[in-house]
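This is what each chain is made of:
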Amino acid sequence: MSAVLRYRGPATTWTDALPVGNGLLGAMCHGGALVDRLGINDGSAWSGTVATEHVDPLDPQTVRAALAESRAAIAEERFDDAADALRRVQHRHTQAYMPFVDLLVTTTPGGDGLVQDHERTLDLATATATTSFVLDGQPVHTATWASWPHRVLVHELVFPESGVGVVDLTLETLLHAPLDGAAGAVLGDAALLVRLPSDVWPPHDGDVPDPVRWDGPALEGAAVLRVVDGHGRPIAGASAPASASDPGRARGSWPATPLGQDAASPVAQHEPRSAQQVHASVRVPARGTVRVVLGTATTARGAGREPSGTAADAAATALGTVDAAIATGIDRVRDAQRTDHAALFDRFTLTLPEGDHAGVMTDERLARVAAEGIATDPGFAALLVAYGRYLLICSSRPGGLPATLQGIWNAALRPPWSANYTTNVNLEMAYWPAEVTALPETAEPLVALVQAVARSGEQTAARLYDAPGWVAHHNTDAWGYTQPIGEGQHDPAYAFWPTGALWLLDPLVAHADHGADDAFVRDVLLPLVSGALAFVDAWLVTGDDGLRHTVPSTSPENHFVTATGAPGSVDTDAAMDLALIGMTVSAYRRLSARVGQTPDPRFVALADALPPIEPGADGAVPEWRSDRGHAEPGHRHVSSLVGVYPGTTPLDGPMAAAVTRTLDARGDDSTGWSLAWKLALRARLGDTAAIGRLLPLVFRTMDGVDDEGQRGGLYRNLFAAHPPFQIDGNLGFVAAVAEMLVQSHRGRLDLLPAVPAAFAHGSVRGLVARPGIDVDVTWGAVDEDGAELLHADLRARTPRALGDHVVRHRGREVLARLTAVGVRVPVVFPAV
């Protein structure tokens, strides 16, 4: 498989640009010829601070009275009153992930400026975005890559040795100057010192006064660059651009009044940037090799930690990083970057037959697949899987924060849904492929964030609910926000969901189940699980039936039909709540036994004290136990099925039929991430016919489609559309395909359980099954009995994976014995 994206000409929208990143900083590479733009993000750059959550605190007595009112109203089926009461439990909003700086590369040619043969590429295997073109008859090449080992971004331009003019390298930002005036410092060849907003309202809250505020506690940061030649030496003739009206500005100083777009005006991802931006520039000859080495830093100190330091401190850190990379030698930095990336990217490979796409650009190939079907070019699905893994590697590495709704990339001061961490599915889905496609390191930032959320959630549980343990709701951010959002105005379906902590734990449980060591289970995971269950134990209400119930209970973003025909969002025992509690208790028992701890009997008893999840009157899994009608039958969330995937509920007999009925009633079409979830669920069911219906919806082109509504598809750079872009659609697709190929949630390995006909003849290498087994599989034709198994190997990744393992394919089972870590063992089924 060729893991390269190719395009003609420059990007014309943000979702045409090509992403690179190292988990700490990212760049969207637009690939222009005479004018190029790299939209650079620092992964720690968020609005606000830890203190922002404590603005306008909720009164605990008001919260507790509102909860009591809501419970009483639910008991009397006064659902509007129940929802109104819960609005008094709503705090403000999470903070937003921010843009940082742009690097504008402007070439002023010495000739006519004729550009020909302009092409852009993104090589997933080397994590490199390139541009090539002919300028006035002379070849020009650029390459952009980000190094995790050395924490820098490098943008390399290669011009003819004879030269073609001059290049202006300009840093621009929408952010403000530091309050202490430190921005005038001369650092590197160009630098910007910045102050981020103190508070940003989500754009879905509509027009509000001063939605982007700068007058409270906030992060500061800096971007610094140096320009060197191909040997790492300063470039002779480098200077401030002749057009700079203020030579101080060229080195990063600021006007008395900060420039940039008006804070009340959101910046759309697809709109051109304002010309009114603070900037710092350097000019160099467009001759030979020009390397721009850029570093960023902020005063952030990790998830849930108060910032420390100043913009000047951040600038010194960024400059030190840049200078260290140059001292190492950029060629050596490049070698280290390629080795580091390959160590992750090369662990897993999906190979499927490729159609005839020689000379076809990626956007043209997408359009062809959208028109003719993925069966004409299955290799394009393998490319999308490789791309999803690439995006996770770029967005989430140790030392950074987890992938946001947009990964590590963002161009807007008020990005869609604040580009935050939406915990009712999107954040968890982003990490579904981490374990099964051999990227466990990418989960480390998520673990750190969940620990931060737990610290904050302990305060919220005690203050608002008078409960032990920790709680989380619909959304969080880099600061570990845990209160119900909504400003007192939102429908509780989008704001009140006190079981969010349980789903946050699920990717961490998967991390443990796929090979993490016992120290992680004992010292990190079990304390988090115990704390979450302690809150649940206090939250549940014992009913007249002797069972324990979760009330008030929402099913995220969904609604039922009340007796009056109106939509309602608050009731008792949402299936998602019940499933998550059951999943967490099961993990608690299993993991406690694994490390020799005695589980708390209070928590163990929770699962048996809950009402069962059973098929409803229509044969489907009810969204709430009361089994009321659906206000939105085709809703994008399939929350009632969380226990099926990513949970491990056995699908035998009536439950399999109920899950199928639920998905059939919900319909196929939806957002990009919803399509991915449905694909994974259909894979668990072994429903290859439904997978065949869903795949064409994934591979639709978003060309000419508005960024509204519920229609998934792919933008030209293969970002998945909600719309707009949400990275969980990309990452959920990777996990869903993995689930079609190997399943290990039943205590055995099921090979090729749900391979669709479009994926006939292929292989996968490096897929990871529980409890930490590398699986390589090759298959042939697909018929009504499934895919023909041609070859399979297993390899234990850790000592926990040693021993006998049941392997199943097409109803037949064999026992595979793994006796040594790292040794491949072939799986052999007796001839029929």
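Paired through backbone hydrogen bonds, the strands of a sheet run either parallel or antiparallel to each other. Strand order in the open sheet made by the eight strands is β1-β6-β7-β8-β9-β16-β14-β11, with antiparallel pairing throughout. This sheet does not close on itself; its edge strands, each paired only once, are β1 (4-8) and β11 (190-195). Pairs of neighbouring strands in the sheet enclose a mean axial angle of 15°, with direction left out of account. Judged from the seven bridges that link them, strand β8 (residues 138-147) and strand β9 (residues 152-158) form a sheet pairing that is antiparallel. By the bridge assignment for β9, Trp145 is matched with Val154. Contacting β7 (128-135), β8, β9 and β16 (289-298), helix α4 (residues 330-345) runs over the sheet at an angle of about 60° to β8.

With that settled, consider the sheet that holds strand β32 (residues 812-818). Here we have four strands laid out as an open sheet, ordered β26-β27-β31-β32, and mixed in their pairing. The outermost strands of the open sheet, each flanked by one partner alone, are β26 (742-743) and β32. Across two bridges, the pairing between β26 and strand β27 (residues 749-751) is antiparallel. The partner of Gln743 across the bridge, within β27, is Asp750.

The next point concerns the confidence of the model for the protein chain. Of the residues in the protein chain, 95% have a pLDDT of 70 or more, and the chain-wide mean is 93. Contacts from residues 243-276, a stretch scored under 50 in pLDDT, to residues over four places away or in other chains number 73 contacts.

Under the definition given, this model contains 44 salt bridges. Between Arg716 and Asp703 there is a salt bridge whose closest N-O contact spans 3.2 Å. Note that Arg716 is positioned in the loop between β24 (713-714) and β25 (720-721) and Asp703 in the loop between α17 (688-698) and β24, a separation of 13 residues in sequence. A relative accessible area of 45% places Asp703 in the partly exposed class. The shortest N-O distance in the salt bridge between Glu813 and Arg808 comes to 2.9 Å.

What follows is about the side chain of Asn424. Along the chain, Asn424 turns up in the loop between β18 (421-422) and α7 (426-430). On the basis of relative accessible area, Asn424 is assigned to the buried category, the value being 0%. Polar contacts involving the side chain of Asn424 include one to the side chain of His474, which spans 3.0 Å. At 2.9 Å, the side chain of Asn424 forms a polar contact with the side chain of Glu557.

This part is about the pairing of strand β10 (residues 165-173). Judged by how many residues are buried, β10 sits mostly within the fold: seven of nine residues are covered. Where strand β5 (residues 101-109) and β10 come together, eight bridges link them in antiparallel fashion. Paired with Val105 across the two strands is Leu169, which belongs to β10.

With that settled, consider helix α12 (residues 575-594). Taking 1.5 Å per residue, 20 residues should reach 28 Å; α12 reaches 28 Å between its end C-alpha atoms and fits that length. Within α12, 15 of the 20 residues are buried, leaving the element largely enclosed by the surrounding structure. Looking one or two places after α12, you find Gly596, whose phi comes out positive at around 75°.

Looking now at the packing of aromatic side chains. If you walk through the whole model with that rule in mind, you get 19 aromatic pairs. A centroid spacing of 5.7 Å and a plane angle of 85° characterise the contact between Tyr465 and Trp539, whose relative ring orientation is edge-to-face. Of this pair, Tyr465 sits in helix α9 (residues 444-465) while Trp539 sits in helix α11 (residues 518-539), and the two are 74 residues apart along the sequence. The two residues Tyr465 and Trp539 agree in class, both being buried. Seen from their ring centres, Phe560 and Trp624 are 4.9 Å apart, and the 75° between their planes marks the pair as edge-to-face. Placement of the pair is Phe560 in strand β22 (residues 560-561) and Trp624 in the loop between α14 (606-609) and α15 (654-666), with a sequence separation of 64 residues.

We now examine the packing of helix α6 (residues 379-395) against helix α18 (residues 727-741). The interhelical angle for the contact between α6 and α18, taken along N-to-C directions, is 120°, at an axis separation of 9 Å. As far as their axial angle goes, α18 and α6 are oblique. Handedness of the α6/α18 crossing: left-handed. Together, Ala381, Leu384, Val385, Tyr387, Gly388, Arg389, Leu391, Leu392 and Ser395 of α6 and Ile727, Asn730, Leu731, Phe733, Val734 and Val737 of α18 make up the contact between the two elements. The residue makeup of the contact of α6 with α18, split by class, is 11 nonpolar, three polar and one charged.

Below, the discussion takes up helix α10 (residues 500-513). The terminal C-alpha atoms of α10 lie 21 Å apart, and with 14 residues this matches the ideal 20 Å at 1.5 Å per residue to within 8%. The sharpest bend along α10 comes to roughly 25°, located at Asp506, with the proline Pro507 sitting one to four residues further on. Among the residues trailing α10, Gly515 stands out with phi positive, at a value near 135°.

Right, let's talk about the side chain of Thr460 for a bit. Along the chain, the position of Thr460 falls in helix α9. Sequence-distant contacts of Thr460, defined by excluding residues within four places in its chain, comprise Glu53, Tyr465, Val471, Thr482 and Gln483.

Axis angle and axis distance: for two packed helices, these are the angle between their axes and the distance between the axes, and together they describe the pair. Running from N to C, helix α3 (residues 311-328) and α4 cross one another at 100°; their axes reach a closest spacing of 5 Å. Of the possible angle classes, the one that applies to α3 and α4 is roughly perpendicular. In this structure, α3 uses Ala325, Ile326 and Thr328 to contact α4, whose residues at the interface are Ile330, Arg332 and Val333. Classifying every residue of the contact of α3 with α4 by side-chain character gives four nonpolar, one polar and one charged.

What follows concerns the nonpolar core. Counting 220 residues, the largest nonpolar core has Trp677 and Phe699 as the members making the most contacts within it. At 13 residues, the largest contribution of residues to this core is made by α6. Not counting residues within four places of it along the chain, the set of residues in contact with Trp677 comprises Val425, Met429, Trp432, Trp503, Val638, Ser639, Val642 and Tyr645.

The next point concerns the environment of Val101. The residue Val101 is located in strand β5 in this model. On the accessibility criterion, Val101 (1% relative accessible area) is buried. Sequence separation of Val101 and Asp42 is 59 residues, and the distance between their C-alpha atoms is 8.6 Å. With residues up to four places along the chain from it excluded, the contact list for Val101 reads Leu38, Gly39, Ile40, Leu171, Glu172, Thr173, Leu192 and Ala223.

A few words now on the state of the cysteines. The full count for this structure, using the stated rule, is zero disulfides. With no disulfide of its own, Cys29 has Cys394 as its nearest cysteine by sulfur position, at a separation of 10 Å. Overall, the relative accessible area of 1% leaves Cys394 in the buried class.

Thresholds, definitions, all that
Here the residue index of a chain counts from 1 through its sequence in written order. Totals for whole chains, interfaces and linings use all residues, but because this is a predicted model, local features are given only for residues with pLDDT of at least 70 and pairs of side-chain atoms are given and counted only at 80 or more. Each side-chain value is worked out from all heavy atoms of the structure, with water and hydrogens disregarded. Here, strands pair whenever DSSP counts at least two bridges between them. Numbering of helices and strands runs from the N terminus, with a helix taken as a DSSP run of H or I at least four residues long and a strand as a DSSP run of E at least two residues long. An axis is simply a line fitted to the C-alpha atoms; with a helix, the fit covers only the stretch in contact. Between two such axes, the angle follows the N-to-C directions and lies from 0 to 180 degrees. By definition in these notes, contact holds between two residues if any of their heavy atoms fall within 4.5 Å. Every residue gets a pLDDT, meaning the predictor's confidence in that residue, from 0 to 100. Salt bridge, as applied in this entry: a Lys or Arg side-chain nitrogen positioned within 4 Å of an Asp or Glu carboxyl oxygen. The classification of residues rests on relative accessible area computed with a 1.4 Å probe and restricted to protein chains. Under 20% of the type maximum is buried, over 50% is exposed, and intermediate values are partly exposed. Pairing of N or O atoms within 3.5 Å defines a polar contact, subject to two protein rules: one partner must be a possible hydrogen donor and the other a possible acceptor, and residues neighboring in sequence count only if both atoms are side-chain atoms. Take the number of residues in a helix, subtract one, and multiply by 1.5 Å to get its expected span. Note on aromatic contacts: the rings of Phe and Tyr and the six-membered ring of Trp form a pair at centre separations within 6.5 Å, being stacked when their planes are under 30 degrees apart, edge-to-face when over 60 apart, and tilted otherwise. What sets the label is the angle itself: under 35 degrees gives roughly parallel, over 145 gives roughly antiparallel, 65 to 115 gives roughly perpendicular, and the rest give oblique. Left-handed describes a crossing whose near helix is turned anticlockwise from the far helix through less than a right angle; right-handed describes the clockwise counterpart. Gly is placed with the polar residues, together with every amino acid not listed as nonpolar (Ala, Val, Leu, Ile, Met, Phe, Trp, Tyr, Cys and Pro) or charged (Asp, Glu, Lys and Arg). Two axes define the bend at a residue: one fitted to the seven residues ending there, one fitted to the seven starting there, and the bend is the angle between them. Here, the term nonpolar core denotes a set of buried Ala, Val, Leu, Ile, Met, Phe, Trp, Tyr and Cys residues that are joined through side-chain atoms within 4.5 Å. By convention in this document, the label disulfide applies to cysteine sulfur atom pairs within 2.5 Å.

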